[in-house]
Amino acid sequence: MNAPTPREQDLDALLGAYALDALDDDERARVEAYIESNDAARREVDELRESAAALALAPVDDLSTPPALWDRISTTIAPQVAEATGPTAGPGDELAARRARRGWSSRWVGLAAAAAAVAVVLLAVQVISLRGDLDDARSPDSSALAARYDRATKVDGARELELVASRGSEVARLVLLPDGSGVMLNDSLADLSPDETYQLWVLMGKAQDPTVISAGVLGPAPQAASFKTEGPVVGFAITIERAGGVTSSENEPLAIGTFA
Amino acid sequence: VVELTEGEAVRRALRALSDGERQAIELAYFGGHTYREVATILDQPEGTVKSRIRSGLLRLRAALIEQGVGE
């Protein structure tokens, strides 16, 4: 095998950022052309994407980036992105602009707004510590899963949400606990082929302009899922993606629900 | 399904990364930034950041496989 040329080394170094969709458009195009003609690079990208997909399963409360750094992001990056995206982008819009460039489109916003009428059931029956139960949400025993869901709904401050398809029928439901953890139950999501997966997304921030973050890959035949969120959750959505999931989706949400 | 066993495996795998790798990946993935933006945020050379993202993802994969996840 020939040693990689300097140009190939330069492109190889970008493969990780490519797998995370963290390249500018011109570099992404260069990398895509490169991996088309380089089997080894393509294999590496496949492997790196598997790692990227696994990140969707990382507990949100385990992130290491300190709050002070996030503050620096807003002060450092916002002016640059505002300049790049035009005069309508103001401070704080940097991530929305970034995600918009990655394919998050206004259709999500529109669907979220359309689903705003979805009923929210607030239950305040009794306080039950479900942390341990939620941490073990995946189980082949569907009745146990349903029982966990029911117990979660009884936690003080738990919020239930129906995820509704465009045709108006409810396809899944979830309960979100005050600590940001939650459980989702599949009611009528049909099994997919093995090369596809359902993926759950959490809508954060403002209902009219949500930031969309993966809450996890659900697999092709989900029964239930546990998840963890952090911050102001305004809703959830489900898409169908290729097996392994994606870091950002360009697909129409199959179902969506927002808290009133 | 988001199974916690996998979530815990990812948590452990992330902890196996260097601070620099983990921070670069988190800012790119969870923060939605390009690696150039991450370099600006961290005040590090772009080459360092893109190398850390790549090496971090490869190490993450290796750590997951070692735990029996991802093969």
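Residues numbered from 1 in each chain as written. Chains lettered and ligands numbered in written order. Predicted model: local features only at pLDDT ≥ 70, side-chain atom pairs only at ≥ 80, totals over all residues. Heavy atoms only, no water.

Draft legend 1. Region of interest: the overall build of chain A. Secondary structure summary: chain A contains nine helices and nine strands in total. Within the span of chain A, comprising 260 residues, buried residues form 47% of the whole. Within chain A, counting contacts between residues at least 6 apart in sequence, those at least 24 apart form 62% of the total. Total accessible area on chain A stands at roughly 12000 Å², and carbon and sulfur atoms take up 52% of it. (Helix = DSSP H or I, 4+ residues; strand = E, 2+ residues; numbered from the N terminus. Buried < 20%, exposed > 50% of the residue type's maximum accessible area, 1.4 Å probe, protein only. Contact = heavy atoms within 4.5 Å. Areas by Shrake-Rupley, 256 points an atom, 1.4 Å probe, with all protein chains shown as cover.)

Draft legend 2. Summary view of the packing of aromatic side chains. Applying the stated criterion across every chain yields a total of zero aromatic pairs over all chains. Across from the ring centre of Phe259 of chain A, 4.0 Å away, lies the NZ or CZ of Arg159 of chain A, which sits over that ring. (Phe/Tyr/Trp six-rings, centres within 6.5 Å; stacked < 30°, edge-to-face > 60°. Lys NZ or Arg CZ within 6 Å of the ring centre and 35° of its normal.)

Draft legend 3. Focus on helix 4 (residues 46-66) of chain B. All names here are of chain B. Across its 21 residues, helix 4 extends 30 Å between first and last C-alpha, which sits within 8% of the 30 Å expected from 1.5 Å per residue. Where helix 4 is concerned, the buried positions are Val49, Lys50, Ile53, Gly56, Leu57, Leu60, Arg61, Ala63 and Leu64. One face of helix 4 carries all of its buried residues, which in axial projection span an arc of 165°. Directly beyond the C-terminal end of helix 4, a positive phi value near 85° is found at Gly68. (Expected span 1.5 Å × (residues − 1). Arc of directions from axis to C-beta.)

Draft legend 4. Examining the confidence of the model for chain A more closely. On average, chain A scores 68 in pLDDT, and the residues at 70 or more come to 63%. Mean pLDDT in chain A bottoms out at strand 1 (residues 121-123) of chain A, which sits at 20, and peaks at helix 2 (residues 15-19) of chain A, which reaches 93. (pLDDT = per-residue confidence, 0-100.)

Draft legend 5. Structural detail: the nonpolar core. Within the largest apolar cluster, 41 residues are counted, with the highest numbers of intra-cluster contacts made by Leu20, Val31, Ile35 and Leu55 of chain A together with Ile53, Leu57 and Leu64 of chain B. For this core, the elements supplying multiple residues, two or more each, are helix 2, helix 3 (25-36) and helix 4 (39-55) of chain A together with helix 1 (4-15), helix 2 (19-29), helix 3 (35-42) and helix 4 of chain B. Residue contacts for Leu64 of chain B: discarding those within four places in its chain leaves Ala54 of chain A together with Ala9, Val10, Ala13 and Val69 of chain B. The next biggest cluster of nonpolar side chains, apart from the first, holds 23 residues, and it includes Ala165, Leu192, Ala215 and Val233 of chain A. (Core = buried A, V, L, I, M, F, W, Y, C linked by side-chain atoms within 4.5 Å.)

Draft legend 6. Up close: unusual backbone geometry. Of note in this structure, Asp21 of chain A is not a glycine but carries a positive phi near 55°. By the element assignment, Asp21 of chain A lies in the loop between helix 2 and helix 3. Positive phi values are uncommon outside glycine, yet Asp43 of chain B reaches one of about 55°. Given the relative accessible area of 66%, Asp43 of chain B is considered exposed.

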